There are 2 protein chains.
Amino acid sequence: MGKISWRPGTMVYPVPAAIVTVGADPSEWNMLTIAWTGTICSDPAMLYISIRPSRYSYPLLMKRGEFTLNLTTVEMAHATDWVGVRSGAEYDKWKKTGLTPLPGEKVSSPTIAQSPLSIECRVREVVPLGTHDMFIADVLNVRADERWIDPATGAFSLKDAGLLVFSHGAYYSLGDLIGRFGFSVKKEKKK
Amino acid sequence: MGKISWRPGTMVYPVPAAIVTVGADPSEWNMLTIAWTGTICSDPAMLYISIRPSRYSYPLLMKRGEFTLNLTTVEMAHATDWVGVRSGAEYDKWKKTGLTPLPGEKVSSPTIAQSPLSIECRVREVVPLGTHDMFIADVLNVRADERWIDPATGAFSLKDAGLLVFSHGAYYSLGDLIGRFGFSVKKEKKK
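Not measured: the values here are computed from a predicted model.

Visitor: Explanation requested: the relation of the copies chain B and chain A in the structure shown.
Guide: Two copies of a chain can be linked by a rotation about an axis combined with a shift along that same axis. When chain B is fitted to chain A, the residual RMSD is 0.0 Å, and the transformation amounts to a turn of 180° plus an axial shift of 0.0 Å. Taken together, the rotation angle and the small translation identify this as a two-fold axis. Residue glycine 175 of chain B, judged by its C-alpha, is the member of chain B lying nearest the rotation axis, at 1.8 Å. Comparing interface residues between copies, 100% of those in chain B also lie at the interface in chain A; the contact surface is shared.

Visitor: It is not clear to me how the side chain of aspartate 145 of chain B should be interpreted in this structure. Could you clarify?
Guide: Note that aspartate 145 of chain B resides in strand 11 (residues 133–145). Side-chain polar atoms of aspartate 145 of chain B contact the side chain of lysine 3 of chain A, separated by 3.4 Å. Each residue touching aspartate 145 of chain B, except ones within four places of it in the same chain, is listed here: Gly2 and Lys3 of chain A together with Ala113, Ser115, Pro116 and Phe156 of chain B.

Visitor: Would you take a moment to explain the sheet that holds strand 12 (residues 164–167) of chain B for this structure?
Guide: Hydrogen bonds along the backbone pair up the strands of a sheet, which may run parallel or antiparallel. Taking strand neighbours across the sheet as the criterion, the six strands line up as 2(A)-12(A)-13(A)-13(B)-12(B)-2(B) in an open arrangement whose pairing is antiparallel. Each edge of the sheet is formed by a strand with only one pairing partner; in this case those strands are strand 2 (15–16) of chain A together with strand 2 (15–16) of chain B. With two bridges joining them, strand 2 of chain B and strand 12 of chain B adopt antiparallel strand pairing. Across the sheet, valine 15 of chain B pairs through a bridge with phenylalanine 166 of chain B, a residue of strand 12 of chain B.

Visitor: Can you help me understand the interface of chain B and chain A in this one?
Guide: Interface size is commonly expressed as the accessible area that is lost once the parts come together. In this assembly, 92 residues from chain B lie in contact with 92 residues from chain A. Counting across the chain B and chain A interface gives two salt bridges. Aspartate 145 of chain A serves as the salt-bridge partner of lysine 3 of chain B, at 3.4 Å between the closest nitrogen and oxygen. Counting the contacts that link chain B with chain A gives 46 residue pairs in polar contact (both at pLDDT 80 or more).

Visitor: What am I meant to see in the pattern of salt bridges here?
Guide: If charged atoms from side chains of opposite charge come close, those side chains can pair. All told, the structure shown has 12 salt bridges over all chains when counted by the stated rule. In this structure, a network of salt bridges that share partners links the residues Lys3 of chain A together with Asp145 and Arg147 of chain B.

Visitor: Which parts of the structure should I look at to understand the packing of aromatic side chains?
Guide: Any two aromatic rings considered together are summarised by their centre-to-centre distance and by the angle between their planes. All chains considered together, the criterion is met by 15 aromatic pairs over all chains. Note on tyrosine 13 of chain B and tryptophan 36 of chain B: the rings are 6.4 Å apart at their centroids and 45° apart in plane angle, and the pair reads as tilted. In this pair, tyrosine 13 of chain B is assigned in the loop between strand 1 (3–6) and strand 2 and tryptophan 36 of chain B in the loop between strand 4 (30–34) and strand 5 (37–41), connecting sequence segments 23 residues apart. Assigned by exposure class, tyrosine 13 of chain B and tryptophan 36 of chain B land together as buried. Ring geometry for tyrosine 58 of chain B against phenylalanine 135 of chain B: centres 5.9 Å apart, planes inclined by 75°, an arrangement best described as edge-to-face. In this pair, tyrosine 58 of chain B is assigned in helix 1 (residues 58–64) and phenylalanine 135 of chain B in strand 11, connecting sequence segments 77 residues apart. Accessibility assignment for this pair places tyrosine 58 of chain B and phenylalanine 135 of chain B in one class, buried. What links up through ring pairs into an aromatic cluster is the set Tyr13, Trp36, Phe166 and Tyr171 of chain A together with Phe183 of chain B.

Visitor: Explain the side chain of asparagine 70 of chain B here, please?
Guide: Residue and element names in this part refer to chain B. With respect to the helices, strands and loops of the structure, asparagine 70 is situated in strand 7 (residues 66–70). Here asparagine 70 falls in the buried class, since its relative accessible area comes to 0%. Separated by 3.4 Å, the side chain of asparagine 70 and the backbone oxygen of threonine 68 make a polar contact. When residues no more than four places from it in sequence are discounted, the contact partners of asparagine 70 are Ala18, Ile19, Thr21, Pro110, Thr111, Ile112, Ser115, Leu117 and Ser118.

Visitor: I'm lost on unusual backbone geometry in this one. Help?
Guide: Excluding glycine, most residues fall at negative phi; most peptide bonds, likewise, are trans. For the bond from tyrosine 13 of chain A to proline 14 of chain A, the omega torsion is 0°, close enough to zero to count as cis. Along the chain, proline 14 of chain A turns up in the loop between strand 1 (3–6) and strand 2. For the peptide bond that leads from aspartate 43 of chain B to proline 44 of chain B, omega is 0°, which places it in the cis range. Along the chain, the position of proline 44 of chain B falls in the loop between strand 5 and strand 6 (46–51). Here the phi dihedral of histidine 168 of chain A falls at roughly 50°; this positive angle occurs in a residue that is not glycine. Here histidine 168 of chain A is to be found in the loop between strand 12 (164–167) and strand 13 (170–180).

Conventions we followed
- For every chain, the first residue of the written sequence is number 1, and numbering continues from 1 onward in sequence order.
- Following the order in which they are written, the chains are lettered starting with A and the ligands numbered starting with 1.
- Only residues with pLDDT of at least 70 are given local features in this predicted model, and only at 80 or more are side-chain atom pairs given and counted; all residues enter the totals for whole chains, interfaces and linings.
- Only hydrogens and water are removed before side-chain values are computed, so all heavy atoms of the structure are retained for them.
- Copies are brought into register by a least-squares superposition over C-alpha atoms of residues with pLDDT of at least 70 in both.
- Should any heavy atoms of two residues lie within 4.5 Å, those residues are considered in contact.
- Put simply, DSSP H or I for four residues or longer makes a helix, DSSP E for two residues or longer makes a strand, and each gets a number counted from the N terminus.
- A 3.5 Å cut-off defines polar contacts: any pair of N or O atoms within that distance qualifies, except that in protein one atom must be a possible hydrogen donor and the other a possible acceptor, and neighbouring residues in sequence count only when both atoms are side-chain atoms.
- The rule for pairing is simple: two strands pair if DSSP sees at least two bridges between them.
- A pairing counts as a salt bridge when a side-chain nitrogen of Lys or Arg comes within 4 Å of a carboxyl oxygen of Asp or Glu.
- Aromatic pairing here means that ring centres of Phe, Tyr or Trp (its six-membered ring) are within 6.5 Å. Orientation follows from the plane angle: under 30 degrees is stacked, over 60 is edge-to-face, and everything else is tilted.
- Exposure categories follow from relative accessible area, calculated using a 1.4 Å probe and restricted to protein chains: below 20% of the type maximum is buried, above 50% is exposed, and the middle band is partly exposed.

Here it is in structure tokens:
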């Protein structure tokens, strides 16, 4: 068995299926689902989102320069997919999905109540690359849902929340725990 | 139950636990594990990797301007973690892990034989952000392992390969299929 070469493509997986919320007040609050996102720097905490300029929320994002990245769960999978396929130009996505906006804390864009973790961001730079513009952003705040915080230990669990995974055109649940970061070295030390 | 605000942090999950390979010839081939990676543009196909300048492979990456991003599997989890914790300054990572380098096709950096999918990249720009430098890169080639291609349909399955997922300090397998992209609209059409 060997390796087959394909043409260049977008094959970095697994990734989040995250819902980006935008808008300065309830009348303009909207949302879109994206998968092209990731951490780009640990300190200062920074992330990117890449978005097609043709998307309905794009001008609003450019105008406001703020957004919230909401992680999603298996329970939210249907809504997450729908928000990614449909346009805010045609639908009131909040009404259609039942997702609930909460006012932002450090930004004007809303936090989705059902999301286990929401990251409030301010855009630092927009980099046009081709089909997508990359928004380079500073993380201003992270909001976690208390439901997934163990009151005894204070530990927050995205696993318990049922984090949704996107990989190569499909949504998955998070599977079994294989090990914690550094487990290979801990095993070595025991020898 | 409500939302608790934390300080800014790196909470974009799930992400890959990918092994980046670098070096122009077998004598300098090395590898490091990263999680800060993602697609930044679909066409042209582009991705980023963010790396601390203190990492052993950093000068080599700067010098050669090419790398290969190798996705990993549950079977490779121990090696993946070990490669992320240990330094190439102290170990021959190939010997220690048993991972096997294959010559690159469009780049000089090697492809890991055990990886189900390897993405050959050329660096376009390096952006210093703080703890991490972001390498913005063009995808030159995608190499898939024939083992995970269904000979009947030609379909490639990262799920069958046992794709490894990294989330909030731990490695997981990919769980159950929840639905394919667009499933929420297909259900609507049936109504």
